[in-house]
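# Structural features, examined
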Amino acid sequence: MTDISIGRISTEHPTGRDGYTTSVNPELFRLLSAVDLDIEYVSGQGTALHDAAGRVHLDFAGAYGALPFGHNPDCVWRAMDTVRTTGEAIFVQPSVLYPAGELANKLVEVAPPGLERVTFVNSGAEAMEIAIKIARSATGRMGVLSTHNSFHGKTLGALSATGNSKYQVGFGAPVSGFEAIAFGDSDALEQTLKDSPGHFAVFVVEPIQGEGGVVAPPTGYLTRVREICTAHGVLMAVDEVQTGLGRTGTMFACDDEGVVPDILALAKALGGGVLPSGAVLCRPELVGESFALRHTSTFAGNALTARVGIAVLDELTANGGALVTRVKELGDTVKGELRKLAMKYPTVVTDVRGRGLLLGVELTDDINFVGRQAILGSIADQQNLAVMVSSYLSQVEGIRLAPTLFGARVLRVEPPLTVTDSECRRMVAALDRAFAFAAAGDLGGLIGHLVGRSPKPAPTTDSPIGARLPHRPEVEGDFRFGFIAHPLDLDVFETFDTSLIEFSHAEREDLLNRFASATSELNPSPFVVGSGRIVTEHDGAAHGNLIGLPFTSRALLKLPPEAAVAAVAAAANLAFERGATVVGLGGYSSAVTANGLALGTMAGVLTTGNSFTAAASIRAVHRVCAERHIDLGTTRVTILGAAGAIGRTIARALAPDVGTITLVGRPGEHGQIAPKLWAAAGEIADAARGGSGALAAAADHGSLDDLVARGRLEFYDDPAAGVARAHIVIAATSAPHSLIDATDLASDAIVCDVAQPPNIPHDVGRIRPDVTVFDGGIVRLPAGSDYGLNYGLAPGLTYACMAETMLLSLSGEFELRSIGTSLDSANVHRLGVLADRYGFELAEATRWRESR
């Protein structure tokens, strides 16, 4: 391997893992590795899979139904060994394929009556392509009707029939002629065919939607479909690729209602879990020369796959079909046990459905299912709870399950048909433990293995754990907003979920990195943290979603600029998709997007919240000084971050009333005052004129240079030196850490810390009891509001930047939004007026050690 980063040749031999992660599918590898599902399986027999670490996993995922008899079944290998021993020619195209003929005869024997023509294929997707070709060729029509939420394959025709636009985007699908209606709605089918007489060649339908989440239609649906298609001269094609050959407890799922389609597609199980194979059965009159002589395949129907298919059918039909009968009986038992789990864990399991050994366990997507703010709630809201349960089952319990492709909330229970009763009991018991951790909101129990934690006993009880908890839904007519946030540091991360208290900083960082890695175009990293409602006394209410980013401040700043902007954009888009008209940029989402300017035009309004943060801080400083009877006219005020939007705005507001302002910021070239800092000083001088303080008096009779010369405006690039003589300190930088030590502050100093993370150390109250430090940007929500997302603040409090987002949503005065580095003083004032109107009050300014 070539190590590109240092330009040398590695002596380490490349592995299959290396090849997969670089040349096959690095995107999928990233997703799987984020949840420890990047397991290397080295051998398999029956239901058991052995991994490279020596662990044994029971396979209840079953390769989407392609393992009728488990891994490496003896009956299939015997058939393959016979081909090897006899030397039977495998590929002899073009020729009469006698083994294919033998397999066709056996398929016709077990298939619904009248399906006597067989076309062999190599996969399920190809089977659906052939079904469509047969239908169009036989009818002369081009229209193909399928159902929403269906899955028929990923080749272009099969993908066009697949009823999920997420997987069609970018591939030119659906192509012309394809339409879809609701699954299970026979009235919709009848009306569509009535509205388009002579247009559709075929209606394509799954007896049970597998990838759609193991969704079964109402009883009698297929019977009614058969009647409607016949009445309108439209062919009925049943996709039994996943349900066929015993999977649902009958040879074919359509046998359950005695329905005979015109076309039947099957694959997966026909290959015996060893080879890819499939077939399309249809009425003979549908296949004429125009199809038969123009459709051929190099590999389909070859002798090896034919012999394997014969072995599969022999096994399924042996002893009067005893294995298929047992599938129905065992499936009913397992389904009953899973339904008991649903009753035991009503907050976690929302449905159990399916037939035979094609079962689905649907998990909640309720963000409040834990009953409190929790990471597991956010995971559920993203429809990723099933993924996390799958990871736990694999790594802790040795059970392999996986979500269905489209129904991401649904755990697929699809073991080999030969699975034993005891293996099923073991699977149910493992799910019981996983659901117990989830219901209790026990993050360490369910996903602690991801960070190397040892398994722990699950909560045990025979009573239902948790009760169904309602969402916090918005009321019709509510204004809508969103707010982007992220853990400012690893300490703050635990305020989001009390389960994190038991995790070390290293473990928390590992979790965040995994959450950030588990992202793709189809599954972006931002997630809904929670939601709540702001209620005003006379002016309506607003419902908001808090959108989280899986990065600390430092991690977000370390991202490549384009990646950081893309992450914030994805979060904003998620909020807009959920109905927000205005989205606030919290934490460092503002800093990495140039105060929102880098995001460009979006679907709604963006704001940094800086204007109201400044307004709240200004009010807080004035109130504290009034309470302490401090004469601002002679007071020295130091601004950390004076060149930033918030710092310079606060400085402008205080300038008319104070004695001296010290500006602290980065130096310019050659140690000179930076242009931005000098520009801020000019604004401050202009704002001071006409005021009552000593700075104003000097500004009324002198230039900016005079103010500097007379010491009324000072410049420092060292924060410690800048605060040494200050009576009041305003901390408003975007540094992701403390800038000064407690010992740097002057005696009895008052510090308004607007920064998040704080610029002032947490231990200042202990070391300097004479100093008062308070959060400047904290406000109290209107009475009756239920936001519940406090991030360490007392109930009923929120940050001013978030409050600005709420105020814009309630008022509709979007022109007040804060974007860019320049804040309008008039807007700052107006937001203060709106705060009074809607009942947002300044929180009590308390000492740091008391407020934390």
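Refer to the structure above for everything that follows.
For clarity, every value in this text was computed on a predicted model and none was experimentally measured.

### Side note on the overall build of the protein
Each helix and strand counted, the protein has 28 helices and 31 strands in total. Its C-alpha atoms give the protein principal-axis dimensions of about 105 × 60 × 60 Å. The burial tally for the protein puts 55% of its 852 residues in the buried class. Contacts in the protein between residues at least 24 apart in sequence constitute 70% of all its contacts with a sequence separation of at least 6. For the protein, the exposed area adds up to about 34,400 Å²; of that, 52% sits on carbon and sulfur atoms.

### Description of helix α4 (residues 98-110)
Taking 1.5 Å of rise per residue, 13 residues should cover 18 Å, and α4 covers 19 Å from first to last C-alpha, within 8% of that figure. Of the positions making up α4, those classed as buried are P99, A100, L103, A104, L107 and V110. With its buried residues spanning 140° around the axis, α4 presents them on a single face. Among the exposed residues of α4, those oriented more than 90 degrees off its buried face are Y98, N105 and E109.

### Concerning the environment of V624
With respect to the element layout, V624 can be found in helix α19 (residues 610-627). V624 gets classed as buried once you look at its relative accessible area, which sits at 4%. Through-space distance from the C-alpha of V624 to that of C752 is 9.8 Å; in sequence the pair is 128 residues apart.

### Quick word on the sheet that holds strand β27 (residues 750-753)
Strand order in this open sheet of six strands is β25-β24-β23-β26-β27-β28, and the pairing throughout is parallel. Across the chains shown, the open sheet's two edge strands, defined by having one partner strand only, are β25 (713-716) and β28 (772-775). Neighbour-to-neighbour, the strand axes of the sheet open up by a mean angle of 15°, direction not taken into account. Here four bridges tie β27 to β28, and the two strands are oriented parallel to one another. Its bridge partner lying in β28, D753 is registered against D775. The sheet strands contacting helix α21 (residues 675-688) are β24 (660-664) and β25, and the helix crosses β25 at an angle near 160°.

### Observations concerning a nonpolar patch on the surface
On the surface, Y20, V24 and L28 cluster together into a nonpolar patch covering about 240 Å² of accessible area. Residue placement: V24 occurs in helix α1 (residues 16-24). With a relative accessible area of 56%, V24 lands in the exposed category.

### What about the sheet that holds strand β31 (residues 841-842)?
Across the sheet, three strands lie side by side as β30-β29-β31; this open sheet has antiparallel pairing. The sheet is open, and its two borders are formed by β30 (797-799) and β31, each paired with just one other strand. Judged from the three bridges that link them, strand β29 (residues 778-780) and β30 form a sheet pairing that is antiparallel. Across the sheet, residue V779 finds its bridge partner in β30, namely T798.

### Structural notes on the packing of helix α10 (residues 303-344) against helix α13 (residues 421-439)
Packing of α10 against α13 leaves a shortest axis separation of 11 Å and a crossing angle of 15°. When the interaxial angle is binned, α10 and α13 end up roughly parallel. α10 and α13 meet at a crossing whose hand is right-handed. For the pair α10 and α13, the contacting residues are R326, L330, V334, E337, L338, L341 and K344 in the first and D421, C424, M427, V428, L431, D432 and F435 in the second. For the contact of α10 with α13, the per-class residue count stands at nine nonpolar, no polar and five charged.

### So, the pairing of strand β17 (residues 410-413)
On any regular strand, side chains alternate: one points to one face of the sheet, the next to the other face. The side-chain alternation of β17 yields two buried faces, one formed by V410 and R412 and the other by L411 and V413. Inspection of the sheet shows strand β14 (residues 358-363) paired to β17 by four bridges, in the antiparallel sense. Directly across from L359, in β17, lies its bridge partner V413. In this structure, the hairpin formed by strand β16 (residues 402-403) and β17 is closed by a connection of six residues.

### Details of the state of the cysteines
On inspection of all chains with the given rule, the structure shows zero disulfides. Residue C75 stays outside any disulfide, its sulfur separated by 19 Å from that of C424, the closest cysteine. C229 takes part in no disulfide bond, and the closest cysteine sulfur to it belongs to C254, at a distance of 13 Å.

### Section: the pattern of salt bridges
A full pass over the atoms with the stated rule returns 42 salt bridges. Across the pair R453 and E502 runs a salt bridge whose closest N-O atoms are separated by 3.1 Å. Residue R453 is located in the loop between α14 (443-447) and β18 (479-485), and its partner E502 is located in the loop between α15 (490-493) and α16 (505-517); the two are separated by 49 residues in the primary sequence. Of the residues examined, E502 reaches a relative accessible area of 38% and is grouped as partly exposed. Here D770 ties to R768 by a salt bridge, and the two come within 2.9 Å at their closest N and O atoms. You can call D770 partly exposed: its relative accessible area is 28%. Taking the relative accessible area as the measure of exposure, R768 reaches 13% and is therefore buried. Where salt bridges share partners, they join D351, R353, E362, D365 and R409 into one cluster.

What counts, and at which threshold
Residues numbered from 1 in each chain as written. Predicted model: local features only at pLDDT ≥ 70, side-chain atom pairs only at ≥ 80, totals over all residues. Heavy atoms only, no water. Helix = DSSP H or I, 4+ residues; strand = E, 2+ residues; numbered from the N terminus. Buried < 20%, exposed > 50% of the residue type's maximum accessible area, 1.4 Å probe, protein only. Contact = heavy atoms within 4.5 Å. Areas by Shrake-Rupley, 256 points an atom, 1.4 Å probe, with all protein chains shown as cover. Expected span 1.5 Å × (residues − 1). Arc of directions from axis to C-beta. Pairing = 2+ DSSP bridges. Axes fitted to C-alpha atoms, helices over the stretch in contact; angles between N-to-C directions. Patch = residues over 30% accessible without salt bridge, like charges linked within 9 Å, V, L, I, M, F, W, Y side chains within 5 Å. Salt bridge = Lys/Arg side-chain N within 4 Å of Asp/Glu carboxyl O. Parallel < 35°, antiparallel > 145°, perpendicular 65-115°, else oblique. Left-handed = near helix turned anticlockwise from the far one by under 90°. Nonpolar A, V, L, I, M, F, W, Y, C, P; charged D, E, K, R; others polar. Disulfide = S-S within 2.5 Å.

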